[in-house]
Amino acid sequence: PTISWLVAPYLFSEHPSAGPAYGAHWVDQALRSLMSNPAVWQHTVFLVMYDENDGYFDHMVPPTPEAGTPEEFTQGRAIGLGNRVPLWVASPWSRGGWVNSQVFDHTSVLRFMERVTGVAEPNISAWRRAVCGDLTSCFDFTAPDYSIPQLPDTIALMAASDAAAKLPGVALPATGTQSMPLQEPGERPHRHLPYQPWADITVDRTTGLITCTLSNDGTVAFPYTVYPNIVYAFAGTPFTVAPGATRGYTWDAAATDGRYDFTVHGPDGFVRRFAGTVVRADQDDVAVPVVTATPGATALTVRLANAGMTAITFTLTPNDFAGTVQTVRVAPGAGTTISYPLDRSRYDVVVTAPTGTRFTQRYAGTLH
C-alpha cells in the first residue's frame, strides 16, 4: 500500500508497565522488515511518533492562534498547539542525524500524505496549514543514502530491561545531594528552514509608545508570542505573520511610569527582549541609548547610538554561541556599528547600557 499505519500493541507502546526497551524492539522489527527488501526501502519513509510528551517539561513556547481564528477555538479557548512530542523520520533522504526545528504537528503527517497521494485533507484549518510544515524540510531528495545501517540488538536490550525490573527500587536522594543534569555535549546538523523572522523596536520619546515591528521575510508564516516581564499579567499575545508581511506590538510606557520590559518568542530559537525606561523628549541632559540590529550573511550588525547629551558605554555579551564581551563608548549624538559573529548561523547577544534606565536588549535566533 502507498501508506500504512502501524499501531503498537500495549506491550510495545511504552505506556506505564510497557518499557521503552520493548518499544525500541517493536520499532526495530518494523525497520528491519522494510530494510529486508532494498527495493521497498528505496521508496519508503518511516515515521515514528508519539501521542503525548509523557509529562516531560517543555521549555519551548507553543504557537497559539490569535483570538477569533476560524476552526482553532472551542468554547472560547484555543485548541493548540501544545507541548512537543517526539517524531523520528527514517528514510534514505533523511540520513545523518539531522535536527529539524520547523513547527510541525500531527496534521503535518496528513499534509505529507497529501503531497504523496495528491488527495486533499479537508479538516485542517488555514491557520494550522500556515504555521505547521508538511515535513518536506526534513528531507534532502538530491542526496539519498540507500545503504542499510547497522541497528542495535534490541533483544538484548529487552533482556537488560527485564533484569533491571527485578532490582529493588531506587532510593530517593538525600536533601541537598541532587545536582542539575548536564546537557549532552556535541552538535547535530540542522536542516535549512523557510524561516526569516526579525523583530526590533522604535521608541517615541514624546508619546511614550514603544513599537515592536515583527517581520517575516521567509516563505511560510511565522508565529510570534509576546510576553510582558513587568507590570502586566504574564500572558502571551500571539501574532501570526504571513510571508512578506509585518505586524506591530505596542507598549504604552506613559501608562507604566516610563518602564517597559517584554520578550518576543518564536520557533527555531528566536528570542528578543526589550527593556528600559523612556527618557522624555524634553530631557536632553542625559544619555539615551538606541540599539537596533540587522541580519547579514556571516554576522549580525548591531547599531549603537546615543541620542542624549552624556556619553554611553555599551556592553555586548554573548549569551550563547560565538562572540566575546565587547565594550563600546559612544559620544553624545554619535553612533557606531559592531559586527557580531554568527556561530553555525546562530546568534545570541545581550546589549546593556549603565544609564540608570535598566536598558537591556537581547537578540537571539538562527539565520537561514
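Above this text sits the structure in question.
Cut-off values and rules
- Residues numbered from 1 in each chain as written.
- Predicted model: local features only at pLDDT ≥ 70, side-chain atom pairs only at ≥ 80, totals over all residues.
- Heavy atoms only, no water.
- Helix = DSSP H or I, 4+ residues; strand = E, 2+ residues; numbered from the N terminus.
- Expected span 1.5 Å × (residues − 1).
- Buried < 20%, exposed > 50% of the residue type's maximum accessible area, 1.4 Å probe, protein only.
- Contact = heavy atoms within 4.5 Å.
- Phe/Tyr/Trp six-rings, centres within 6.5 Å; stacked < 30°, edge-to-face > 60°.
- Lys NZ or Arg CZ within 6 Å of the ring centre and 35° of its normal.
- Salt bridge = Lys/Arg side-chain N within 4 Å of Asp/Glu carboxyl O.
- 1 Å grid on protein atoms, 1.4 Å probe; cavity = no way out; pocket = protein on both sides within 12 Å on 5 of 7 lines; lining within 4 Å.
- Points joined across faces, edges and corners; volume = space filled by probe spheres on them.
- Nonpolar A, V, L, I, M, F, W, Y, C, P; charged D, E, K, R; others polar.
- Pairing = 2+ DSSP bridges.
- Axes fitted to C-alpha atoms, helices over the stretch in contact; angles between N-to-C directions.

Peer 1: Explain helix 3 (residues 106-117) to me, please; I cannot follow it from the model alone.
Peer 2: The periodicity of an α-helix, 3.6 residues per turn, causes residues three or four places apart in sequence to face the same way. Across its 12 residues, helix 3 extends 17 Å between first and last C-alpha, which sits within 8% of the 16 Å expected from 1.5 Å per residue. All buried positions along helix 3 are accounted for by Thr107, Ser108, Val109, Arg111, Phe112, Met113 and Glu114. In this structure, the buried side of helix 3 is in contact with strand 1 (46-49) and helix 4 (126-131). Of the residues trailing helix 3, Gly118 is marked for its positive phi of about 80°.

Peer 1: Before we go on, may I ask you to explain the packing of aromatic side chains in this structure?
Peer 2: Both the distance between ring centres and the angle between the ring planes are used here to describe each pair of aromatic rings. In this structure the tally under the stated criterion is 17 aromatic pairs. Residues Tyr227 and Phe234 carry aromatic rings whose centres are separated by 4.7 Å and whose planes lie at 25° to one another, so their mutual orientation is stacked. When the ring of Phe274 is compared with that of Tyr363, the centres are 6.2 Å apart and the planes differ by 85°; the resulting orientation is edge-to-face. Residue Phe274 is found in strand 11 (residues 270-277), and its partner Tyr363 is found in strand 18 (residues 359-366); the two are separated by 89 residues along the sequence. Of the two residues, Phe274 and Tyr363, neither departs from the other in class, the shared state being buried. Chaining the aromatic ring pairs together yields one cluster made of Tyr232, Phe239, Tyr249, Trp251, Phe262, Phe274 and Tyr363. The ring of Trp98 carries Arg191 above its face, with NZ or CZ at 4.2 Å from the centroid.

Peer 1: What is the right way to look at the pattern of salt bridges in this model?
Peer 2: Where charged atoms from two side chains of opposite charge approach closely, those side chains can pair. The final tally for this structure, using the stated rule, is 13 salt bridges. Residue Asp134 pairs with Arg115 through a salt bridge whose shortest N-O separation is 2.7 Å. Residue Asp134 is located in the loop between helix 4 and helix 5 (154-165), and its partner Arg115 is located in helix 3; the two are separated by 19 residues in the primary sequence. Take Asp134: its relative accessible area is 12%, and that puts it in the buried class. Where Arg273 meets Asp261, a salt bridge forms, and the shortest distance between an N and an O atom there is 2.7 Å. Of this pair, Arg273 sits in strand 11 while Asp261 is found in strand 10 (residues 259-266), placing the two residues 12 residues apart along the sequence. You can call Asp261 buried: its relative accessible area is 5%. A single salt-bridge network, built from bridges that share partners, covers Glu187, Asp343, Arg344 and Arg346.

Peer 1: Can you walk me through the layout of surface pockets in this structure?
Peer 2: Any empty space left between atoms is shown by rolling a water-sized probe over those atoms. Looking at the second largest pocket, its volume works out to about 230 Å³. Along its surface, the second largest pocket is lined by 17 residues, and Val203, Tyr260, Val288, Pro289 and Val290 are the ones closest to its centre. Taken together, the residues that form the lining of the second largest pocket break down as 11 nonpolar, five polar and one charged.

Peer 1: What is the right way to read the sheet that holds strand 13 (residues 299-306) from this model?
Peer 2: Backbone-to-backbone hydrogen bonds pair the strands of a sheet. The strands run either parallel or antiparallel. With antiparallel pairing, three strands are arranged side by side in an open sheet as 12-13-16. One side of each edge strand has no neighbouring strand; the edge strands of this open sheet are strand 12 (289-295) and strand 16 (335-341). Across the sheet, the mean angle separating the axes of adjacent strands is 20° when strand polarity is ignored. Pairing of strand 12 with strand 13 involves seven bridges; the strand directions are antiparallel. Note on strand 13: the bridge partner recorded for Pro289 is Asn306.

Interpretation in functional terms is not warranted from these geometric data alone.
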